[in-house]
Amino acid sequence: MEIMRFIVASIGLLAWMMLAMHAKREARRGAHPLLTHLAPFPVDVLAWGNPGGLRLIELWGGFDALPGFEQKREALSVIVDPFAVEERLISEECLVWRDVFLLLPFGAPLLIAQPFWLIFWLAGLMLRVVGSSYSLQRKARTREREVAEALGDVLTRLILSLHAGTLPVVAWNAVAQEGNTPLHQEMQRVLRRVEAGESLRVVVASLPARYHVTGLSDMTQLFAQSLELGGADLADGLERIRSRLYAERTRQFVVEAERASQRMMFPSLLLFAGILLLVMTPVIGR
């Protein structure tokens, strides 16, 4: 049995070395099938482990067939600038599969020494693939939560500026420079895209497509409509959105408080039962 494990491990290690050399040779010649896909992105295909990682991606069926690829794209659309999503996505996948490729040969000595440890090796490979997607999704959820928390304050400041007679564009610019939350950063990004020649109405209307935040879509639609058609009731519309937002948050707080009280009911009953048993035990013993 040990000889069989040694033979299998040796064949696997030899296959890994041949795959690594073949992938490196293809990358140097510029003949790798994925090079045309990577051309627009700053990925060093000759860096240590990258050719083998790209070969694994090719064997899997390409970038689009990788597990969690679309989920990563959706998460990155929240985390980074829309123009940098594809670059960050491709770079992230290259790093993940480079690490997977470099971890593969460690299975050979584990198979020879103790096959039981292969479970942890396989778990490490899966964790590297799945952990990247989970980490990006967690960052996206955190950013969306920060945007939702800042939305009420942004609405208040926009309303105050508009009531003071400020033009909508000037009010947007002023509020965008007042903070450094993700929502303020998005507002600043809108201004940079407008300076680059894009329509403010179009850029403002594109924000809700990236963030699933209650009230953000209504605010941007109202702002875009005001910029396109005009209207003196922009402040009143934003005031109504803010009122609905606070009402929704109040309702959520009440629901969470009820859930918390229900979760505490069972531990409280256990505590009461424990105290009752502690008091009654001496009485029963007499």
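See the structure above.
Residues numbered from 1 in each chain as written. Predicted model: local features only at pLDDT ≥ 70, side-chain atom pairs only at ≥ 80, totals over all residues. Heavy atoms only, no water.

## What to know about the overall build of the chain
Note the following rule: Counting from the N terminus, the helices are DSSP H or I runs at least four residues long and the strands are E runs at least two residues long. Should any heavy atoms of two residues lie within 4.5 Å, those residues are considered in contact. Only the protein chains shown count as cover for residues, and the accessible areas themselves come from Shrake-Rupley with a 1.4 Å probe.
When its secondary structure is counted, the chain shows 12 helices and 0 strands. For the chain, the share of sequence-separated contacts (at least 6 apart) that also reach a separation of at least 24 residues comes to 65%. Of the roughly 17,100 Å² of accessible surface on the chain, a fraction of 65% belongs to carbon and sulfur atoms.

## What to know about helix α8 (residues 168–176)
The following threshold applies: Buried, partly exposed and exposed residues are distinguished by accessible area as a fraction of the type maximum, computed with a 1.4 Å probe on protein chains only: under 20%, between the cut-offs, and over 50%, respectively. In this context, the arc is that of the directions from the helix axis out to the C-beta atoms.
Among all positions in α8, only A171, W172, V175 and A176 are buried. One side of α8 holds all its buried residues, which, seen down the axis, span an arc of 130°.

## Digging into the nonpolar core
Basically, it comes down to this: Among buried residues, those of type Ala, Val, Leu, Ile, Met, Phe, Trp, Tyr and Cys that are joined through side-chain atoms within 4.5 Å constitute a nonpolar core.
Judged by nonpolar contacts, the single largest core of 59 residues is most densely connected at W172, M219 and L238. In terms of residue count, the dominant contributor to this core is helix α7 (residues 118–163) (14 residues).

## Description of the side chain of R189
Put simply, the rule is: Under this definition, polar contacts are N or O atom pairs within 3.5 Å; protein pairs additionally need one hydrogen-donor-capable and one acceptor-capable atom, and for neighbouring residues in sequence, both atoms have to be side-chain atoms.
Turning to its location among the elements, R189 is positioned in helix α9 (residues 182–195). Residue R189 is classed as buried on the basis of its relative accessible area, which comes to 11%. Reaching out from R189, the side chain makes a polar contact with the side chain of E186 at a distance of 3.1 Å. The residues contacting R189, other than those within four sequence positions of it, are V80, D81, P82, R143 and R210.

## A few points about the packing of α7 against α9
Stated precisely, the cut-off is as follows: A fitted line through C-alpha atoms represents every axis, and for helices the fit uses only the stretch in contact; the resulting angles, taken between N-to-C directions, go from 0 to 180 degrees. These descriptions rest on fixed angle ranges, namely under 35 degrees for roughly parallel, over 145 for roughly antiparallel, 65 to 115 for roughly perpendicular, and the rest for oblique. For this classification, Asp, Glu, Lys and Arg are treated as charged, while Ala, Val, Leu, Ile, Met, Phe, Trp, Tyr, Cys and Pro are nonpolar and the rest, including Gly, are polar.
Between α7 and α9, the shortest axis-to-axis distance is 7 Å and the interhelical angle comes to 80°. Taken together, α7 and α9 sit at an angle that is classed as roughly perpendicular. Contact with α7, carried on its side by R143, E146, V147, A150, L151 and V154, involves P182, L183, H184, Q185, E186, M187 and R189 of α9 and no other residues of that element. Among the residues making up the contact of α7 with α9, the classes are represented as 7 nonpolar, 2 polar and 4 charged.

## Examining the side chain of Q188
With respect to the secondary-structure elements, Q188 resides in helix α9. Judged by its relative accessible area of 18%, Q188 is buried. In this structure, Q188 is in contact with A176, Q177 and G179, ignoring residues within four places of it in sequence.

## Section: helix α3 (residues 50–60)
Counted residue by residue, α3 has 8 buried out of 11 residues, so it is predominantly covered. Taken residue by residue, α3 has N50, P51, G52, G53, L54, R55, L56 and I57 as its buried positions. A positive phi of about 120° marks G61, the residue just after α3.

## With respect to a positive patch on the surface
Keep this limit in mind: Exposure above 30% relative accessible area and the lack of any salt bridge qualify a residue for a patch; like charges then connect within 9 Å, and the nonpolar side chains Val, Leu, Ile, Met, Phe, Trp and Tyr within 5 Å. Any Lys or Arg side-chain nitrogen found within 4 Å of a carboxyl oxygen on Asp or Glu counts as a salt bridge. Two residue types count as positive, namely Lys and Arg, and two as negative, namely Asp and Glu; His and chain ends fall outside the count. In this description, the location of a charge corresponds to atom NZ of lysine, CZ of arginine, CG of aspartate or CD of glutamate.
A cluster of basic residues, R88, R138, K139, R141 and R145, forms a positive patch on the protein surface. As for its position among the elements, R145 is in helix α7. Owing to a relative accessible area of 45%, R145 belongs among the partly exposed residues under this scheme.

## So, the packing of aromatic side chains
Note the threshold: Pairing of aromatic rings covers Phe, Tyr and the six-membered ring of Trp, with a centre-to-centre limit of 6.5 Å; geometry is then stacked below 30 degrees between planes, edge-to-face above 60, and tilted otherwise.
All told, the structure shown has 3 aromatic pairs when counted by the stated rule. Aromatic side chains W60 and W97 sit 5.3 Å apart centroid to centroid with 55° between the ring planes, which places their arrangement in the tilted category. Of the two residues, W60 sits in helix α3 while W97 sits in helix α5 (residues 85–103), which places them 37 residues apart along the sequence. Owing to a relative accessible area of 5%, W97 belongs among the buried residues under this scheme. Centroid distance W172 to F223: 5.0 Å. Interplanar angle 65°. Geometry classified as edge-to-face.

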